[in-house]
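# Fold and contact review
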Amino acid sequence: MMSFGRPREDVWGPRRARVVAGMLALVFIVIVGRSAYVSVNGPDHAASAAPSAVAAATRRADIVDRRGELLATTVPGWSLAANPSAIWDAGEIANELKTVLPKLDLIGLTTQLSDRKRQFVWVQRGLTQEEKDAVFSLGVEGLQFVEEPRRVYPRERLAGHFLGYTNIDGEGLEGSELAFDARLRAGGEPLKLTLDAGVQFVIEEELEKAFVDFDMKGGAGIVVDANTGAVRAVASWPAMDPNRRGDQSKDIRTNRALNARFELGSIYKPLTVAAAMDTGVLKVSDRFDVSAPVKIGAALVKDPHPLPNAKSVTASDILAYSSNIGAALIAQRMGVERQQDFLRSLHLLGGQSHEGPQTASPLTPEVWDATAMATVSYGHGISVSPMAFAMTYSAFANGGNYVPPVFVEQGDGAKIEKSQVMSAETSAEVLAMLRRTVTEGTGKNADAQGYEVAGKTGTAEKPGPDGYDPNRNITSFAAVFPASRPQFVVLVVLDEAQPRTGDQRTAAYTAATIAGKVIARAAPLLDVRPVLAESKVEAASLRVSEATTP
Amino acid sequence: MKRLAIIGGLVVVVLAVAVYRAKLGAEETQGEIDALNAKAAAIGKDISVMKAEEAYLTRPERIGPIARQQLGLEQAKPDQYTASEALSRRLGEERLTLPAPEAAAPSAMDADAGGEKPPQ
């Protein structure tokens, strides 16, 4: 049949050609369309699969003091890495690096660099600019610098313990860096502490100077705004430079103001007096016979030095001349329960919570019987951190309220947490007794001219394996100033301070002296104007007039 | 109809070119923004270093000795403070009345310039 005479391919050829042409056209349209889309919109994966080579990490927030003085910041830093697969002579390179980075572990580094299967090892992290330049000048192959932010503390030892430090990855490890880690890692505005760098320097310098006058193991100093709880200075000696945290021993790194516990001795006596007065079992006119030791429970309470008119002394005399017997007799009137309740209200038995670095939990008597009651009344048998204790004296300065410590500046109008722990009358009466202790009693060396210091000395023997050791003391001085318009609490604690001059190692000669010097220097920085007798003001005015008269 | 199709096609082409140009312009602007951000970040780092250096150089233990030795400055003692009322009482109001800033300025300038004119 000739109808089939046409070749088969001729029958299907045009149709197949059309199909192929159509498919090619379709592919072409898709390619053109896609090209147009990409040229206008960019590739689909641009945003998701190709992030910028270096994602900008959030910069850890700075820490500043209440006036905005920089205390901690983050600066660009460098770390040194190596590619062992590109290094031929690991020993030579390690030796060269050792010449400019002396802390390197030569053997360890040589071993690491010899492993040619590896392409990345850290050589040293946290280089200074000088170290980086020195390594760069070596011109060694196979090394690379990796930019890493570095946390620095430009004022070195200032508030070193309180600031704390971070690890190499910028995570808070100690102090405020740890306590406020989440806030700091979020970046943004600097964290403004309540500390005053000037006052902090004063107290640190006076503790440093104290070591010239006294042979001592350690010390702590605190200045607190009694009305708000704002901590203006918190120092621990020996001081610590957080820039050099790796070089410093555990003893130096210990924050004695917050993380150490001490039996603080007679600075508890005003608390005993206040508790008894507030309970109504003690009046300012009440008299006690402290001429002979008394036995309370199993404790025979003695006074190291006899008091004037010891057969008839008031509570004020007991504080001014620091009578253990008197304090124990007052506690006996009050009883164990009231004593515990009062100390609990002051958070000396634990349970204190506040924002920021925490304090060591207290050590209290296991059995709080009459013996414990007597010893606690004059500050033995109970150990607390200096920070926890300092806050108790705020009640003598603000009309009887306990305020917790505040470490971060609060905005205007922020609510101040406070709890009434004694009446305003009790607070005022004890404050007057504390003022007398300084003007007439054991605290004379703390009497900074013009600043009306009211305070109490404390000398406590340190406990040892064989009981209390009379040759090792904790001396302390807790103060409020100025007495006529109280604003600040100061606490100085010295660990085993022994005057090099041969004076007695009691607080009257050690901690009180330091506290007086701190107050004299810190008060002007805290905007406290001295109160002087009119004659002195006139004399000062006269000197001004003589100097200015032509 | 054919003319309309041609005009429509031309409009589409022109619009496509315009969109493409706008896209290129946006990319260039984004590049400039990125460059400026990088510059700002670099300056920010420089500022953080300089602030740290300033804080380091103004440490009290460094400034204190300089202030004492080179400027003769000492901390004021309590008896050097006085209330302004006490000064008024002791010295009299007229002695405390300072010259107006305008009047004081020339003598200060003279002193700075080493002039011999006595203070007014």
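Because the structure is a prediction, the values reported are computed rather than measured. (Residues numbered from 1 in each chain as written. Chains lettered and ligands numbered in written order. Predicted model: local features only at pLDDT ≥ 70, side-chain atom pairs only at ≥ 80, totals over all residues.)

## Side note on the overall build of chain B
Within chain B one finds five helices and zero strands. Starting at the N terminus and ending at the C terminus, chain B contains elements arranged as α-α-α-α-α. (Helix = DSSP H or I, 4+ residues; strand = E, 2+ residues; numbered from the N terminus.)

## A few points about the pairing of strand β9 (residues 218-225) of chain A
Every regular strand shows the same layout, with side chains that alternate between the two sheet faces. Residues and elements named next belong to chain A. When you tally the buried positions in β9, you get eight out of eight residues, the bulk of the element. The side-chain alternation of β9 yields two buried faces, one formed by G218, A220, I222 and V224 and the other by G219, G221, V223 and D225. One ladder, built from eight bridges, connects β9 with strand β17 (residues 488-495); its direction is antiparallel. The residue of β17 that forms the bridge with G219 is L494. Sheet analysis places β9 next to strand β10 (residues 231-237), joined by six bridges and oriented antiparallel. When the sheet's bridge partners are listed, G219 is paired in β10 with W237. Adjacent in sequence and paired antiparallel, β9 and β10 are bridged by five residues, among which G229 carries a positive phi angle near 85°. (Buried ≥ 20, exposed ≤ 12 C-beta atoms within 10 Å, placed from the backbone. Pairing = 2+ DSSP bridges.)

## Some words on the pairing of strand β2 (residues 70-82) of chain A
Residues and elements named next belong to chain A. Here strand β1 (residues 63-64) pairs with β2 via two bridges, running antiparallel. Considered in β2, the bridge of I63 is made with A72. In this structure, the hairpin formed by β1 and β2 is closed by a connection of five residues, where G68 is found at a positive phi of approximately 90°. Where β2 meets strand β4 (residues 143-152), ten bridges bridge the pair, whose relative direction is antiparallel. Bridge pairing in β4 links T73 to V152.

## So, unusual backbone geometry
Residue and element names in this part refer to chain A. Residue W237 is joined to P238 through a cis peptide bond whose omega torsion reads 5°. Note on placement: P238 falls in the loop between β10 and α9 (250-253). F481 connects to P482 through a cis peptide bond whose omega is -20°. Following the sequence through the fold, P482 ends up in the loop between β16 (467-481) and β17. In this structure, E496 takes a positive phi of about 55° despite not being glycine. For E496, the location among the structural elements is in the loop between β17 and β18 (498-499).

## A short note on the confidence of the model for chain A
Residues and elements named next belong to chain A. Summary statistics for chain A give a mean pLDDT of 89 and a share of 91% for residues scoring 70 or more. For residues 46-56, every residue scores under 50 in pLDDT, and the model assigns this stretch two contacts once sequence neighbours within four places are set aside. The model gives residues 535-550 a pLDDT under 50, and that stretch makes 17 contacts with residues more than four places away or in other chains. (pLDDT = per-residue confidence, 0-100. Contact = placed C-beta atoms within 7 Å.)

## Topic: the domain arrangement of chain A
All names here are of chain A. Each assigned domain of chain A is listed with its residue range as follows: domain 1 (63-192) and domain 2 (201-534). Each of domain 1 and domain 2 has a C-alpha centre, and the two are 42 Å apart. Listed as interface residues are 17 residues of domain 1 and, on the opposing side, 15 residues of domain 2. Broken down by secondary-structure element, the contributors of at least two residues to the side of domain 1 that touches domain 2 are α5 (160-163), α6 (175-179) and β7 (191-192). (Domains from an automatic or database assignment.)

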